[in-house]
Structure formats: structure tokens, C-alpha cells
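Reading the structure
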Amino acid sequence: MGRTHYYKLLFILGIILFAIILIIPTIGQKKIEILLNSDATPNELNVIRSRFPSNKFKMDEYENKFIITGLNLNQAVMNEVRIFPGVKDAKILPHWAENALLAKQINLGLDLQGGMHLVLRANFKKIEKKLKKNLSESEKNETTQQALELLRNRIDKFGVSEPLIRPRGNEAIEIQLPGVKDPKSVKKAIGTTGRVEYRLVNDDYSNKVSIWLKKNYNKKTLPIIPENQEKLFLKISREIKLPQTLELLFFFVREKDSNKIIPSHILALNKKVALAGNDISKAWVGKDEYSRFAVHFTTTPDGASKFANVTAEKNHGKKMAVVIDDKVRSSPTINVQITSGKAVIEGTFTLEEVTALSRIIKEGALPVDLEIIEERTVGPSLGQDSIEAGINAILIGLSGVMLFMLFYYKIGGLIANFGLIINMIFMLALLSWLGFTLTLPGIAGFILTVGMAVDANVIIYERIKEELRNGKSVRLSVVNGFDRAFWTIFDANITTLIAAFILSQFGTGPIKGFAVTLFIGILCSMFVALYISRFIYELITMNKKIKKLSI
Amino acid sequence: MERTIGFLKYRSIAIGISIAMFIFFTVFTFLNNGFNLGIDFVGGVKIIAKFEKDVDILKIRNVLIDNKTQALVQQIGKEEQNEFIIATKLSNKSKSAEENSIQLKKICLTNFKNVKILGVETVGPAIGEFLKKSAIKLFFITLILITVYLSFRFEFKYSIGAIAAIIHDIAITIVFCGVMNVEVSIPVIAALLTIFGYSVNDTIVIFDRIRENVQIKSKQTFIEVINKSISQSITRTLLTSLTTLFAVLALYLLGGDVINDFALVLLFGIFVGTYSSIYIASPTILFWEKFSSK
């Protein structure tokens, strides 16, 4: 072996090792932590115990939690356990390889881990009736955006850790809720319109709260679960002796990366509503006198007098909170009395911030009803069945193909099979590393790749055989075989890649999963056949004594 | 030297068979009430539920009829699992998909004890339109991209050949769905687009050989060159189809009900794709060559 061979070998072994490390969290042993309700009955506990038989899983019982260790623990199992009676929550503990390295557990799609997929659309007809005119394309789009803002505001009510909310086209909204516990309440939360109100902020008590927090609250983030928020509020109200006329609410800000809104601080607000959402008639994004972004709005005639009252001189310097669904989203300071019913909220906002705020104000003025136009709910046990069926099909398909290759190409088949396994490892590694989601059709893509991946080997081997038949030496045949097959494999695969790429643009979810696995599978198989297999053959043919090749 | 088989001798017969098969399938489909469009396209409800042991398909069917629904029942998985799909399509516009879904769930839960609803799909009629449009759009985009790529890497006549094969495969597979009463759902569309990729892949390996053999100066006519090229690559064509068939067969038999249709369509598509790369793609470039040299 020459020096370049050593480098190549090191490189190949290096990426194989890296790929194996990447897939450990997916296929290796994992732990699930099950938090129990304090009032869980022995019967309920036994149901959980029997779900994890001791011949397959190890179970450690603590006072109010179980920790299960074993193979095949995935998001589907986690979601299944979550809805067991007596279980408060369940989560998969991070795998050691995830902590130490870049490895990630592969994401399972909703069809595999269980969950709810909804497509919603604003009820345009209802709005058109109210406005007595037809909505234009851009107005429909704006209404959809308003609904989107509303849903983001409500994300915590869905009770799932990783909800996904995004627009689909101009008029629809797609929501994905993995492992949702109570689909009914989700649909109820979605079906209601947003309640917007404007209330005065009490600065004294708001300050007291923040002082209390600094002294007594040492966690980095404020609680997100409604139950815990409630508890915190009760505690603070008691300790700072909050008057009955006031109430505590969180001020929410939008997180830049995830688009989620998270609590940033606590405000003390008048319980009395100064201005109702429907006292405003219109809101839009504009500029202020310094040409910074600002929200403009006009009130209804009714609202104008209320607004003049709130903005009277005694309230100057105070803040008025814009509250939607009990969340404060903005708290501009009142500077001047406004009697005209026309006002501007100014500040150093980004365009995104003002757009979001104007949509919230609009929601108060003209609430959007959402209709569910598509729903797909998959129970976690169904997902678990699909995973098992998929793994079975992969294993059987894989062994069928491998046996055939071994039978037909002997040693060559053995090398191809080795490549096939490496290929599977690479695919899984890439999928989890790049954060793609594995869906049921994705598993189908995997199986299809098993069949198609050996194609490159077949093309190469047939070429080598041909060269050998033409009387060339083993070494030359191998080199020629690989060289000639290269462009064939390249062209054939590029076109399949084009098809897979276009397919990945089709719709969402399942099909995308299929296309992505197919795409990655083709890439990996090309690399394995043209680089790794070739290297193995180069090593074999370095031995000049070889007169016959077993393919 | 290896043997050259005169594949193209039979090209007229092959094309005749293809056309006959297409016509036969199409007629059969339309005599059989046309295509079975799934709820992804026409809107509707699909509920997967697990019933108690003593409940069988007849019982459920009777209850559904008694409640004046037009829902269909189908058992899935192993018999002892007692799992059924109850589905209804949006035929009358008076009720929304959502209302249908609520009604069906209610019927199951009130008439049977211990029903576990494992999954629900409710699709409104608007979605189907959207899907149809995007499926057709993507089909043409892929077609154009592949034509461009092949014209760039090969010659224009080769892309004509490949596209003839693609259209042949897709058309026959679509009517095959009609004959087998396969429910056309999103996964089935994905299978069709996959056949698309597979078909081109298969075709190109042969084209690559033709291109190579054309460059070797010899006295052979174009038809002889094509025959020679197909003969040289026939082992590969068959082997790859075989391994892919193995894999898809495993999927068909073991993959579960959800991807059963998907796998069936793919199985058929692999057959057609293999056949068309020999008998549709290559004769087309031959035809084109004759046609353009006139």
C-alpha cells in the first residue's frame, strides 16, 4: 500500500466511524423518563409496568417517576405512554452520544410517532358577510396571517412540546402537533376567536413583581406550562399583597429563531378593561414622524370616547397593555389625550414586530373564525405498528437482496453487500444529522433504496466481466470497469435525483419524507459504489498474483 | 464476443401490445365506475378503530347502514387485532367533512363497547384540487428538467426516447390503478413519480451504451448498434429490476396496510419501466433518427 492508500483508508474508516456515532442515539439503547401523577393508583402503575416487560426493558422506580432503559424506545413509545392514566409526562432522556457529539436521534413523522396534523382556513365568507364586500387575494392573505398570529399566541394551549405552525399557500395554515394528549381541546382552542382587550398597567406593582422575581426566582426562564404559571402568580400575589383590582399577566415576546412566543416578564394590570377589542375599527402598519415603523389605528365612534377617557391627563406616563387571550403583547405609554379616535403606537420596532402587533389589534376589531379543512390524527400505537412493519420489511428486503448478490457475484457480492450496509448506515446518519423527519413513506424510500443501491455495483461488475471476457488483465479490467461505469452511473442517478428533488417539493409531510430518503439514498449509494467499493477493489488488485476475480 | 439479440425485431409487436394493454385497461376502468379517487382528492373521512373481539365486519357494516351512513368498512392488519378502517367520501355537499367525522366517531362509540380510535383522517374538498394541480405541475417540471439534462448530456433524440418511455409507463400505470381499483391517494401519486425516476434511470443505462457504441466506428447500422447495446446491458437491466422487485415485494407483503397500495403500484411500475426502456425508449430514438434524416 502506498501512502495515498493509507490516507484514503483513514478517510473512509473515519467517515464510517462518524456515521456510526451519529446513528447510535437512533438505534442504540435509550432511556425514557416517565413522570407520574402524585395520585396515580397501583393499578395504573401496573399498566405501565406491563407495557415494559422486564425481559426487554430495565425499569428503575423512583418516588414519582419511572426510568425505562432499553432498545426500541422512540417518540412513538413516549407519546403512547404519555396518554396512559396516571402519567403526567414522559420524555426520552438525551443519549450520551447526543451530549458528547453532534449526534441526534432521528425525528419521526406524525404518522410514525402519533400526533395531529391540521390544515385550517379562515372562514372568509363570514368576514365578507360582515364587511359586505368580497375579499381580494391580498386581503385573504392578510386575514390568514392574522389567524397565524392568533395561533402562535395559543400554542401553549395545545399541550405539546414541539408544535409546528406554518402557512400553506396563501390561504391555509398547517399545524402539526406531535403526541397531542387531547385532540378535542386542541380543536376547541382553534375554533374560538381571539379575545383582545386594552388594560392599564400598574407600574408600582409591576416594579414590585420584578424586584420579588430578582430576589426569589432564580431559574433562567419563566414557566411555560400554564399550571406552573398559575402557581407562580399565586405566590407572587400573596407575597407582594396584590390588591383585588389588579391581576398579574405575562408579557410575551417572540423568539427570533422559532417564531414561538415566550414569556419575558410579568406585569400587574387593572382587572377593569379600558377598551375592548372591538372598540377599534381598523389597524395598519405605517411610519411615525421619525419614519420609524409604527402601528396606526382608528377607533369606532363608541370607542373614541372611551379612548379619550383612558388617555386623559391623569393617565399620562402610564402604560396601556394590549392583551390577547390573557397574554400581554405590547404596552405602549400614554403620552397625549386622543379624542379624535385616531392613534399611533410608536417605538423602536422592527417591521416584524409592528406587523404582528397590528394583526393582534385587527383580531380584536375583526376576529377570524378558523375552519378545519383537513385533519389527520394518528394514535401512537398505530405509529408503533407502522414502525415495526417498516423495520421488518427493510430487514427482509435487505436479506433478500444480499442473498441474491452473494449467490450471483460471490466475493463481488460480498463486497457489494458490505457496501449496502455501509449505505444504510450513511443514510440513517445523514437523515438524523441533517434533522430530516422519517415518515412511513420515508421507510418505503429506504426499502426502495436497498433495491436500487446495488444497481451501481451491478453496472460496475458487468463492465468488469465484459473487460475480462475481452481478455484484459484483472487489474486493467477493474480499472476500466470502474472508469467506464462512472458516467453511466452518474447520468442515470442524476435524473433520478432530479425526480426525487421535485418530488420533495410536492405537498408536505409524508411525501417529502419519501423523496428525501430516496434523494439521500441515491447520493450515498453513488459514494459507496464509486469511492469505497472502488478502493476495496484497488486494494485487492494490488496483489499482482491474482489471476481470477470472483464476481 | 457475446451474442447480440435482435430485440428490436419485435418492436412493432411490443408497441402494439402496449397500446392494446392501455386501451383494454382504460375501457375496463371506465366500465368499472372509473378511478377510485381517495379522500385525499375528493374529501371525506377515514377512521381507523380497534374493536372488541366479538365484533366482526358484518356487525359494523350493519350498524353503519342502520345509522344511514354510506361509510365503507375494511379490515386491516391481522385478524386477531380486530382493526378496521371506516371510510366515507364526501358525496353530498350538505355535510362538511368535519361533521361526517364527528358523526362516524359517535356511531362507533355509542354502538360498540371499548372502541379505540387509533387514527382519524378528515379531508375537506378544497385539498384535492390543490393536490391535483401541484401533482400535474410537478410532473411537467420534472419532464422538462430531465429533457434539458438529457439533451445536454446526450442528444435531443435521446431525451425524446426517455420521455416516450416515461409517458408510456405513467399512462399504463395510471390505468392499472383503475383496473386494480387501487385507491388513488397521496402515496400512490408518490409511487407514480417514483416510477418516473426509475424508468429514466433504467433507460439511461441503455442509452449510455448506445452512445458509446455509436462512437466506435463500424459498419453496423443504427438498429444493429441499438440491439448490441441492449444485449450488452440486458443482464444489468434484469438484475437491477430483480433486486428492486425483491425490496418492493418485501414492502408490499410486510409494510402494512398504509403503504400496500403504494407498493403495488411500484411493483407494477418496475415491470413496465424495465420493459419500456427496451421496447419503447430505444425504438423511439430509432424512429426519430429515421424521421429526422428524411
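Numbering of residues starts from 1 in each chain and follows the order in which that chain's sequence is written. For naming, the first written chain is A and the first written ligand is 1, with later ones following in the order written. The model is predicted, so local features are restricted to residues of pLDDT at least 70 and side-chain atom pairs to those at 80 or more, both for listing and for counting; the totals for chains, interfaces and linings are taken over all residues.

**Let's talk about the overall build of chain A**
- Helix and strand counts for chain A stand at 17 helices and 19 strands.
- Atoms counted for the radius of gyration: C-alpha only. Globule rule: 2.2 Å times the number of residues to the power 0.38. The C-alpha radius of gyration of chain A comes to 31 Å, more than 25% above the 24 Å expected for a compact globule of 551 residues.
- Principal axes of the C-alpha set define a box for chain A whose edges measure 100 × 60 × 45 Å.
- Residues counted as buried form 44% of the 551 residues belonging to chain A.
- In chain A, of all internal contacts separated by at least 6 residues, the share reaching a separation of at least 24 is 75%. Secondary structure elements are taken from DSSP: a helix is a run of H or I of four residues or more, a strand is a run of E of two residues or more, and numbering for both begins at the N terminus. With C-beta atoms placed from the backbone, a residue counts as buried when 20 or more other C-beta atoms lie within 10 Å of its own, as exposed when 12 or fewer do, and as partly exposed for counts between those limits. What counts as a contact is two residues whose backbone-derived C-beta atoms lie within 7 Å of each other.

**Details of the overall build of chain B**
- Of regular secondary structure, chain B possesses nine helices and four strands.
- For chain B, the N- to C-terminal ordering of α and β elements is α-α-β-α-β-β-α-β-α-α-α-α-α.
- Relative to its length of 294 residues, chain B is extended, with a C-alpha radius of gyration of 24 Å against a globular reference of 19 Å.
- Along the first, second and third principal axes, the C-alpha set of chain B runs to 80 × 35 × 30 Å.
- Within the span of chain B, comprising 294 residues, buried residues form 48% of the whole.
- Restricting to contacts in chain B with at least 6 residues of sequence separation, those with at least 24 account for 78%.

**Some points on the domain arrangement of chain B**
- If you check the domain split of chain B, you get domain 1 (7-37 + 127-293) and domain 2 (44-123).
- The split into domains, and so the bounds of each, comes from an automatic or database assignment of domains. In this structure, domain 1 of chain B and domain 2 of chain B have C-alpha centres spaced 38 Å apart.

**Observations regarding the interface of chain A and chain B**
- Contacts between the two partners involve 53 residues from chain A and, on the opposite side, 51 residues from chain B.
- Counting residues per element, the ones that place at least two in the side of chain A that touches chain B are β18 (370-378), α13 (380-409), α15 (440-469), α16 (474-504) and α17 (510-542) of chain A.

**Things to note about helix α5 (residues 125-153) of chain B**
- For α5 of chain B, with 29 residues, the first-to-last C-alpha span of 43 Å sits near the 42 Å given by 1.5 Å per residue.
- Listing the buried residues of α5 of chain B in full gives I127, L138, T142, L143, I146 and L150 of chain B. The span expected for a helix works out to 1.5 Å for each residue beyond the first.

**Points about the packing of α16 of chain A against α17 of chain A**
Residue and element names in this part refer to chain A.
- Interaxial angles span 0 to 180 degrees and are taken between N-to-C directions of axes, which are lines fitted to C-alpha atoms, for helices over the stretch in contact. Viewed as axis vectors pointing N to C, α16 and α17 meet at an angle of 170°, and their least axial separation amounts to 10 Å. As judged from the angle between their axes, α16 and α17 are roughly antiparallel.
- Considering only residue class, the contact of α16 with α17 consists of 19 nonpolar, four polar and three charged. Roughly parallel means an angle under 35 degrees; roughly antiparallel means over 145; roughly perpendicular covers 65 to 115; every other angle is labelled oblique. Each residue receives one of three labels: charged for Asp, Glu, Lys and Arg, nonpolar for Ala, Val, Leu, Ile, Met, Phe, Trp, Tyr, Cys and Pro, and polar for the others, Gly being one of them.

**Examining helix α7 (residues 137-153) of chain A**
- In this model α7 of chain A runs 25 Å from its N-terminal to its C-terminal C-alpha over 17 residues, within 8% of the 24 Å that 1.5 Å per residue would give.
- When α7 of chain A is considered as a whole, its buried residues turn out to be T143, T144, Q146, A147, L148, E149, L150, L151 and N153 of chain A.

**Some thoughts on the domain arrangement of chain A**
- For chain A, the domain assignment lists domain 1 (29-94), domain 2 (112-193 + 371-376), domain 3 (197-364) and domain 4 (380-542).
- Here the residues of the side of domain 2 of chain A that touches domain 3 of chain A are counted per class, giving two nonpolar, three polar and four charged.

**Overview of the sheet that holds strand β1 (residues 44-50) of chain B**
- Strands qualify as paired when DSSP identifies two bridges or more between them. In space, the eight strands of this open sheet follow the order β7(A)-β8(A)-β6(A)-β18(A)-β4(B)-β1(B)-β3(B)-β2(B), with antiparallel pairing throughout. Every interior strand has two partners, whereas the edge strands, β7 (164-168) of chain A together with β2 (72-76) of chain B, have only one. The mean inter-strand angle of the sheet, taken between neighbouring strand axes irrespective of direction, is 20°.
- Here β1 of chain B runs beside strand β4 (residues 116-123) of chain B; their pairing, made up of seven bridges, is antiparallel. Bridge pairing in β4 of chain B places G44 of chain B opposite V123 of chain B.
- Together, β6 (115-122), β8 (172-178) and β18 of chain A form the strand contacts of helix α8 (residues 183-191) of chain A, whose direction differs from that of β18 of chain A by roughly 165°.

**A closer look at the nonpolar core**
- Counting residues in hydrophobic clusters, the biggest one holds 150 residues, and the most contacted among them are I447 of chain A together with A162 and L251 of chain B.
- Residues contacting L251 of chain B, with those up to four places away along its chain left out, are A393, G397, A444 and I447 of chain A together with I259 and A263 of chain B.
- For the purposes of this analysis, a nonpolar core is taken to be any set of buried Ala, Val, Leu, Ile, Met, Phe, Trp, Tyr and Cys residues that are connected through C-beta atoms within 7 Å. Residues I373 of chain A together with V45, L90 and L104 of chain B belong to the second largest nonpolar core, which totals 48 residues.

**Structural notes on the environment of C108 of chain B**
All names here are of chain B.
- Along the chain, C108 falls in helix α4 (residues 97-111).
- Looking at C108, the number of C-beta atoms within 10 Å reads 22, which means it is buried.
- Considered as a pair, C108 and I86 are 22 residues apart in the sequence and their alpha carbons are 9.5 Å apart.
- Apart from the residues within four sequence positions on either side, C108 is in contact with A49 and V115.

**Some thoughts on the pairing of strand β16 (residues 327-330) of chain A**
All names here are of chain A.
- Note: strand β15 (residues 320-324) against β16, three bridges, orientation antiparallel. Each residue of the ladder has a partner; that of V323, found in β16, is V328.
- Two successive antiparallel strands, β15 and β16, enclose a turn made up of two residues, where D325 displays a positive phi of approximately 45°.

**A word on the environment of A274 of chain A**
All names here are of chain A.
- With respect to the helices and strands, A274 occurs in the loop between β11 (261-270) and β12 (275-276).
- With 19 C-beta atoms counted inside 10 Å, the residue A274 sits in the partly exposed group.
- As a C-alpha pair, A274 and V310 span 36 residues in sequence and 6.6 Å in three-dimensional space.

**With respect to the packing of α15 of chain A against α16 of chain A**
Residue and element names in this part refer to chain A.
- Between α15 and α16, the shortest axis-to-axis distance is 8 Å and the interhelical angle comes to 135°. Of the possible angle classes, the one that applies to α15 and α16 is oblique. When you trace α15 past α16, the crossing you get is right-handed. Contacts between α15 and α16 involve A456, I459, I460, R463, I464, E467 and L468 from the former and S477, V478, N480, G481, F482, R484, A485, T488 and I489 from the latter.
- Its residues placed into classes, the contact of α15 with α16 shows nine nonpolar, four polar and three charged. Crossing chirality is assigned from the near helix's rotation relative to the far helix, an anticlockwise turn below a right angle marking it left-handed and a clockwise turn marking it right-handed.

**Side note on the confidence of the model for chain A**
- For chain A, the mean per-residue pLDDT works out to 87, and 99% of the residues sit at or above 70.
- When the elements of chain A are averaged for pLDDT, helix α4 (residues 96-100) of chain A gives the smallest value, 75, and helix α14 (residues 411-433) of chain A the largest, 93. Per-residue confidence from the prediction method is given by pLDDT, with values spanning 0 to 100.

**Considering the confidence of the model for chain B**
- Mean pLDDT over chain B works out to 88, with 98% of the residues at or above the 70 mark.
- For this predicted complex, the interface score ipTM comes out at 0.88, while the overall pTM is 0.83.

**Comments concerning the environment of Y408 of chain A**
- For Y408 of chain A, the location among the structural elements is in helix α13.
- Separated by 143 residues in sequence, Y408 of chain A and I551 of chain A have C-alpha atoms that sit 7.7 Å apart.

**Here's the deal with the sheet that holds strand β2 (residues 57-61) of chain A**
All names here are of chain A.
- Pairing is antiparallel across the open sheet formed by four strands, whose spatial order is β2-β3-β1-β4. Each edge of the sheet is formed by a strand with only one pairing partner; in this case those strands are β2 and β4 (87-93). The sheet shows a mean angle of 20° between the axes of neighbouring strands, taken without regard to direction.
- Where β2 lies against strand β3 (residues 65-70), five bridges are found, and the strand directions are antiparallel. When the sheet's bridge partners are listed, F57 is paired in β3 with G70.
- Packing against the sheet, helix α3 (residues 75-82) makes contact with β1 (30-36) and β4, and its axis sits at approximately 165° to β4.

**Let's talk about unusual backbone geometry**
- Although it is not a glycine, N72 of chain A adopts a positive phi angle of roughly 55°.
- Looking at the secondary structure, you find N72 of chain A in the loop between β3 and α3.
- Among the residues examined, N72 of chain A registers 15 C-beta atoms within 10 Å and is labelled partly exposed.
- Of note, the phi angle at K68 of chain B is positive, near 60°, even though the residue is not glycine.
- One can find K68 of chain B in the loop between α3 (57-66) and β2.

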